[in-house]
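These are the residues of each chain, in order.
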Amino acid sequence: MSVLLSCRRVGAVEMDWLPVAGTLIGSAGTIITQYVTNRTVERSARRARAEQVRAERKAAIQDFVEVYQVIERVIGDSGDRPSELIHRM
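Rules used in this analysis
Throughout this document, residue positions are counted from 1 along each chain, in the order its sequence is written. Per-residue local features of the predicted model are confined to residues with pLDDT of at least 70, and side-chain atom pairs are confined, for both listing and counting, to 80 or more; whole-chain, interface and lining totals are unaffected and use all residues. As a rule here, side-chain values cover all heavy atoms of the structure and leave hydrogens and water aside. In this text, helices come from DSSP runs of H or I with a minimum length of four residues, and strands from runs of E with a minimum of two, each type numbered from the N-terminal end. Accessible area is worked out with a 1.4 Å probe on protein chains only. A residue is then buried under 20% of its type maximum, exposed over 50%, and partly exposed in between. Ring pairs shown here join Phe, Tyr and Trp side chains whose ring centres sit within 6.5 Å, with only the six-membered ring taken for Trp; geometry is labelled stacked below 30 degrees between planes, edge-to-face above 60, and tilted in between. Each patch is assembled from residues with relative accessible area greater than 30% and no salt bridge, linking like charges that lie within 9 Å and nonpolar side chains (Val, Leu, Ile, Met, Phe, Trp, Tyr) that lie within 5 Å. Computed with the Shrake-Rupley method and a 1.4 Å probe, the accessible areas treat only the protein chains shown as cover for residues. A pair is scored as a salt bridge if a Lys or Arg side-chain nitrogen falls within 4 Å of a carboxyl oxygen belonging to Asp or Glu.

S.K.: Help me understand the overall build of the protein in this model?
M.R.: A count of helical and extended segments in the protein gives two helices and zero strands. Every one of the 89 residues in the protein was classed for burial, and the buried ones make up 4%.

Here's what the structure looks like:
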């Protein structure tokens, strides 16, 4: 009978570690998932910011070119007021 009790104790000790091991594995999985998700979101945010900056620069360059083309046309025609157009630029 004492052999049977000692086996139960060993079995009980081993069974006590299973919930702890499950908790550790679950926690590690959660942490890894959060890390990967945060990294992906950060990359997406960086890309969105870079695209926004490029779009703003493109719009500014296009506006400048449009005004510059008008000024070039005005310089060709001496009848208009180039100072007003230069002020727009």
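S.K.: Could you clarify how one ought to interpret the packing of aromatic side chains in this entry?
M.R.: Working definition: an aromatic ring pair is given by the centre-to-centre distance plus the angle between the planes. All chains considered together, the criterion is met by one aromatic pair. Measuring from centroid to centroid gives 6.0 Å for Phe64 and Tyr68, while their planes differ by 20 degrees, and the two rings are stacked. Of this pair, Phe64 and Tyr68 both sit in helix H1 (residues 2–76), four residues apart, which is roughly one turn of that helix.

S.K.: What am I meant to see in a nonpolar patch on the surface here?
M.R.: Together, Ile61, Phe64, Val65 and Tyr68 give the surface a local cluster of nonpolar side chains, amounting to about 380 Å² of exposed area. Relative accessible area serves as the criterion here: at 37%, Val65 is assigned to the partly exposed category.

S.K.: Even after reading the chapter, I still don't get the pattern of salt bridges, so can you show me in this structure?
M.R.: Opposite charge on two side chains permits pairing when their charged atoms draw close. If you walk through the whole model with that rule in mind, you get one salt bridge. Ionic pairing is found between Glu42 and Arg46, a salt bridge with its closest N-O pair at 2.7 Å. Remark: Arg46 and Glu42 occur in helix H1; sequence separation between them is four residues, near one turn of the helix. On the basis of relative accessible area, Arg46 is assigned to the partly exposed category, the value being 44%.

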